[in-house]
Amino acid sequence: MSMMPSNTLPVQQVEDNSLGHFLYGLMSAFPLFFVPVLLSLWFNLIQKNINPNSVLGSHLRWQRMSIIGLCPFFIAGYWLSPLWLSLPMYILGVSWFSYRIFKGWISLNDGIAV
């Protein structure tokens, strides 16, 4: 029989989300020729010890899908030769990517999985 006082609460493990915040910070610096985004993707892909069902795991997946989802917009913008066709594709892609960064970072800050 253990001698644990009756007024103690069970200990909860707190997940360290600093990696997620760091990666969102890198992603938000995308106007710098997308080098921080590629660095963020690399850091994201080398994380092997993160539980995929955790809050941080869901955000890492969200970040990967955001970066990969940006590629079709830029590819389409590159292949559409008239500027009036390619420019809206770039603007739409950057707007969508910015929304994903904002929504993901706010959710991570609140401790909510996306």
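Predicted, not measured: the structure shown is a model, and the values here were computed from it.

Rules used in this analysis
Residues numbered from 1 in each chain as written. Predicted model: local features only at pLDDT ≥ 70, side-chain atom pairs only at ≥ 80, totals over all residues. Heavy atoms only, no water. Phe/Tyr/Trp six-rings, centres within 6.5 Å; stacked < 30°, edge-to-face > 60°. Helix = DSSP H or I, 4+ residues; strand = E, 2+ residues; numbered from the N terminus. Buried < 20%, exposed > 50% of the residue type's maximum accessible area, 1.4 Å probe, protein only. UniProt positions renumbered as here; feature names shortened; annotations may be inferred. Contact = heavy atoms within 4.5 Å. Axes fitted to C-alpha atoms, helices over the stretch in contact; angles between N-to-C directions. Parallel < 35°, antiparallel > 145°, perpendicular 65-115°, else oblique. Left-handed = near helix turned anticlockwise from the far one by under 90°. Nonpolar A, V, L, I, M, F, W, Y, C, P; charged D, E, K, R; others polar. Patch = residues over 30% accessible without salt bridge, like charges linked within 9 Å, V, L, I, M, F, W, Y side chains within 5 Å. Areas by Shrake-Rupley, 256 points an atom, 1.4 Å probe, with all protein chains shown as cover. Salt bridge = Lys/Arg side-chain N within 4 Å of Asp/Glu carboxyl O.

**What about the packing of aromatic side chains?**
Then, in step 1: Overall, the coordinates contain nine aromatic pairs when judged by the stated rule.
Then, in step 2: Ring geometry for Tyr24 against Trp105: centres 6.0 Å apart, planes inclined by 20 degrees, an arrangement best described as stacked. With Tyr24 in helix α1 (residues 18–28) and Trp105 in helix α4 (residues 83–110), this residue pair connects regions lying 81 residues apart in the sequence.
Then, in step 3: Relative accessible area serves as the criterion here: at 29%, Trp105 is assigned to the partly exposed category.
Then, in step 4: Between the aromatic rings of Phe74 and Tyr90, the centroid separation amounts to 5.4 Å while the plane-to-plane angle is 90 degrees, which identifies the pairing as edge-to-face. Note that Phe74 is positioned in helix α3 (residues 55–79) and Tyr90 in helix α4, a separation of 16 residues in sequence.

**A few points about the UniProt feature "transmembrane region" (unreviewed entry) in the chain**
Then, in step 1: Under the UniProt annotation, the feature "transmembrane region" (unreviewed entry) is placed at residues 22–46 and 67–87.
Then, in step 2: Along residues 22–46, the helical share is 72% and the strand share 0%, with 14 Å between the first and last C-alpha atoms.
Then, in step 3: The span residues 67–87 carries 86% helix and 0% strand; its end-to-end C-alpha distance comes to 19 Å.

**Overview of the environment of Leu80**
Then, in step 1: Mapped onto the elements, Leu80 comes out in the loop between α3 and α4.
Then, in step 2: Once residues within four sequence positions are removed from consideration, Leu80 is found in contact with Leu85, Ser86 and Met89.

**Digging into the packing of α1 against α4**
Then, in step 1: In contact at an axis separation of 10 Å, α1 and α4 are set at 160 degrees when each is read in the N-to-C sense. In terms of axis orientation, α1 runs roughly antiparallel to α4. Seen from above, α1 lies across α4 with left-handed handedness. On α4, the residues that touch Gly20, His21, Tyr24, Gly25, Met27 and Ser28 of α1 are Phe97, Arg100, Ile101, Gly104, Trp105, Leu108 and Asn109.
Then, in step 2: Residue composition of the contact of α1 with α4, grouped by class: six nonpolar, six polar and one charged.

**Notes on the side chain of Ser86**
Then, in step 1: As for its position among the elements, Ser86 is in helix α4.
Then, in step 2: Residues within four places of Ser86 in sequence aside, it is in contact with Gly77 and Leu80.

**Examining a nonpolar patch on the surface**
Then, in step 1: Nonpolar side chains collect at one region of the surface, where Leu39, Trp42 and Ile46 lie side by side and expose about 290 Å² of accessible area between them.
Then, in step 2: Relative to the helices and strands, Trp42 resides in helix α2 (residues 35–45).

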